[in-house]
Amino acid sequence: MIFKMLKQQVISVTNLASYLVILYFVYPPLLTSNWGLVLCSLLMGLYLYYMNYKISKTGIKALLYSPSQEYEKELEAEIIKCGVNPKSIIIRYGYTYECLATATFNTITLDPIIYSESHKDPQAIITKEIIEKHILPSQPEAVKDRLNMINEIFSPDAQRFVFKHELGHIVYNYSYKKLIWVGIIGFVMTYFGILATLSTVHLNGLLSIFLGIAIASIIDLFLTYFSNLIFKSQEEKKADLFAAKHSSAQEINAAANFFEKFYYIQADANKIAGGLYSKIPSIILSGHYNGKTRAKYLRKEIDYKN
């Protein structure tokens, strides 16, 4: 799995490197001078920021179904309890690929496959039918099995907690912070990728380009995992604590119980992936504390409330 991810990274970086190779032949000083090296790296970081921003916005626009009036009012009531203006939040239904729910900019996406609170909403039913017809058939059986297991343990109280967790991401501007990290990683990988190429170009031009791409790919992959550890994990915990602050002890306990059980579902998924990938802690792999750790600090919040 790790080598597969690195391969995908190399392909992505190679596509980006093609622009730099063209720039080099058009105007060499853009890459060979110190100012040019910094400028090109900065432009690449900004380009990756913009492209990820555009992809995220396009993904939001593709979500066509929102809760009907009755269910929207229930969700708005939860938003108001959290001290947030409901008019500033957009809610949509969509498939989240086992992520339970997601927050992108000011949009929360609820997955009608597993979000049972919405199962009577006509809008959710339409979305669910589309997902079952056009998306789930192409998913591996293991994914379908995990979705069924999540359905069994994802209680209404836990669902309300997760909804508030995603709301916390919006309150703390997580999407924009993540884009800034994408830009920073893009700058660093480009800078050192070009540096590695220029340092060896006198030996073999083509080989130096491949070396630069390899170095940039490794740096990109490393910094992505590093950002999960030092940035995303903290944002996830902040969102958990935001949800806990605005949840009842019953909802927090339900969430803690869910995350503990969800931990074993995710562990089984990692075993299927196998190899080194299955041994990487979730805090590095996805930026989430494992379910046991989340349950532990959430139960402490219950003690504080009591």
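Up top is the structure these notes are about.
What you see is a predicted model, and the numbers here were worked out from it, not measured in a lab.

### A look at the overall build of the protein chain
Turning to step 1, where the next piece is worked out: Helices and strands together make up the secondary structure of the protein chain, namely twelve helices and three strands.
Turning to step 2, where the next piece is worked out: For the protein chain, the C-alpha atoms occupy an extent of roughly 65 × 45 × 40 Å along the three principal directions.
Turning to step 3, where the next piece is worked out: Taking all 306 residues of the protein chain together, 41% fall into the buried category.
Turning to step 4, where the next piece is worked out: When contacts within the protein chain are restricted to residue pairs at least 6 apart in sequence, long-range pairs at least 24 apart make up 75% of them.

### What to know about the packing of helix H3 (residues 34–61) against helix H8 (residues 174–200)
Turning to step 1, where the next piece is worked out: Here H3 crosses H8 at 145 degrees, and the two axes come no closer than 7 Å. Where H3 crosses over H8, the two elements pack in a sense that is right-handed. Of the residues in H8, those in contact with Leu37, Val38, Cys40, Ser41, Leu42, Met44, Gly45, Leu48, Tyr49, Asn52 and Tyr53 of H3 are Tyr176, Leu179, Ile180, Val182, Gly183, Gly186, Phe187, Met189, Thr190, Tyr191, Ile194 and Leu195.
Turning to step 2, where the next piece is worked out: Counted by class, the contact of H3 with H8 contains 17 nonpolar, six polar and no charged residues.

### Focus on the pairing of strand E1 (residues 90–93)
Turning to step 1, where the next piece is worked out: Residue alternation in E1 divides its side chains into a buried set, Ile91 and Tyr93, and an unburied set, Ile90 and Arg92.
Turning to step 2, where the next piece is worked out: Examined bridge by bridge, E1 and strand E3 (residues 107–110) share four bridges and lie parallel to one another. When the bridges of E3 are listed, isoleucine 91 appears paired with isoleucine 108.

### Remarks on the pattern of salt bridges
Turning to step 1, where the next piece is worked out: Considering all chains together, one arrives at 13 salt bridges under this definition.
Turning to step 2, where the next piece is worked out: Between aspartate 157 and arginine 160 there is a salt bridge, with the nearest N and O atoms lying 2.4 Å from each other. One end of the pair is aspartate 157 and the other is arginine 160, both in helix H7 (residues 156–171) and three residues apart, which spans about a single turn.
Turning to step 3, where the next piece is worked out: A residue is classified by how much of its surface remains accessible, and arginine 160, at 21% relative accessible area, is partly exposed.
Turning to step 4, where the next piece is worked out: It is possible to trace a salt-bridge network through shared partners that takes in Glu78, Lys81, Glu117, Asp157, Arg160, Lys164 and Glu251.

### Regarding the side chain of histidine 165
Turning to step 1, where the next piece is worked out: Its location among the elements puts histidine 165 in helix H7.
Turning to step 2, where the next piece is worked out: A relative accessible area of 4% means that histidine 165 is categorised as buried.
Turning to step 3, where the next piece is worked out: Here the side chain of histidine 165 touches histidine 169 through a polar contact of 3.1 Å, side chain to side chain.
Turning to step 4, where the next piece is worked out: The residues touching histidine 165, leaving out its near neighbours within four places in the chain, are Glu236, Ala239, Asp240, Ala243 and Arg294.

### Digging into the pairing of strand E2 (residues 101–104)
Turning to step 1, where the next piece is worked out: Side chains Ala101 and Ala103 of E2 all project onto a buried face; the interleaved residues Thr102 and Thr104 project onto a face where none is buried.
Turning to step 2, where the next piece is worked out: Pairing of E2 with E3, which is carried by four bridges, proceeds in the antiparallel orientation. When the bridges of E3 are listed, threonine 104 appears paired with threonine 107.

### Here's the deal with the side chain of glutamate 251
Turning to step 1, where the next piece is worked out: Locating glutamate 251 in the fold gives a position in helix H10 (residues 249–273).
Turning to step 2, where the next piece is worked out: Apart from the residues within four sequence positions on either side, glutamate 251 is in contact with Asp157, Arg160, Phe161 and Lys164.

### Let's talk about the environment of glycine 168
Turning to step 1, where the next piece is worked out: Inspection of the secondary structure assignment puts glycine 168 in helix H7.
Turning to step 2, where the next piece is worked out: Note on glycine 168: relative accessible area 0%, which makes it buried.
Turning to step 3, where the next piece is worked out: Ignoring anything within four residues of it in the chain, the contact list for glycine 168 reads Ala239 and Phe242.

### Let's talk about the packing of aromatic side chains
Turning to step 1, where the next piece is worked out: Taken as a whole and judged by the stated rule, the model has 15 aromatic pairs.
Turning to step 2, where the next piece is worked out: Measuring from centroid to centroid gives 5.2 Å for phenylalanine 258 and phenylalanine 262, while their planes differ by 15 degrees, and the two rings are stacked. With phenylalanine 258 and phenylalanine 262 both in helix H10 and four residues apart, the pair spans about one turn of that helix. A single burial state applies to phenylalanine 258 and to phenylalanine 262, both of which are buried.
Turning to step 3, where the next piece is worked out: In this structure an aromatic cluster arises from ring pairing among Phe154, Phe161, Phe258, Phe259 and Phe262.
Turning to step 4, where the next piece is worked out: The cationic tip of lysine 57 hangs over the ring face of phenylalanine 105; the distance from NZ or CZ to the ring centre is 4.7 Å.

### Focus: the nonpolar core
Turning to step 1, where the next piece is worked out: One finds Leu110, Phe154 and Leu298 to be the most contacted residues of the largest nonpolar core, which totals 47 residues.
Turning to step 2, where the next piece is worked out: Per element, the largest residue contribution to this core is eight residues, and it comes from H10.
Turning to step 3, where the next piece is worked out: Leu37, Ala216, Ile219 and Leu223 belong to the second-largest nonpolar core, a separate cluster that totals 17 residues.

### Describing the sheet that holds E1
Turning to step 1, where the next piece is worked out: Reading across the sheet, the three strands line up as E1-E3-E2 and stay open at both edges, with mixed pairing between neighbours. Of all strands in the sheet, those with a lone pairing partner are E1 and E2, marking the two edges. Going across the sheet, the axis of each strand differs from the next one's by a mean of 20 degrees, ignoring polarity.

Cut-off values and rules
- Residues numbered from 1 in each chain as written.
- Predicted model: local features only at pLDDT ≥ 70, side-chain atom pairs only at ≥ 80, totals over all residues.
- Heavy atoms only, no water.
- Helix = DSSP H or I, 4+ residues; strand = E, 2+ residues; numbered from the N terminus.
- Buried < 20%, exposed > 50% of the residue type's maximum accessible area, 1.4 Å probe, protein only.
- Contact = heavy atoms within 4.5 Å.
- Axes fitted to C-alpha atoms, helices over the stretch in contact; angles between N-to-C directions.
- Left-handed = near helix turned anticlockwise from the far one by under 90°.
- Nonpolar A, V, L, I, M, F, W, Y, C, P; charged D, E, K, R; others polar.
- Pairing = 2+ DSSP bridges.
- Salt bridge = Lys/Arg side-chain N within 4 Å of Asp/Glu carboxyl O.
- Polar contact = N/O pair within 3.5 Å; in protein donor to acceptor, adjacent residues only side chain to side chain.
- Phe/Tyr/Trp six-rings, centres within 6.5 Å; stacked < 30°, edge-to-face > 60°.
- Lys NZ or Arg CZ within 6 Å of the ring centre and 35° of its normal.
- Core = buried A, V, L, I, M, F, W, Y, C linked by side-chain atoms within 4.5 Å.

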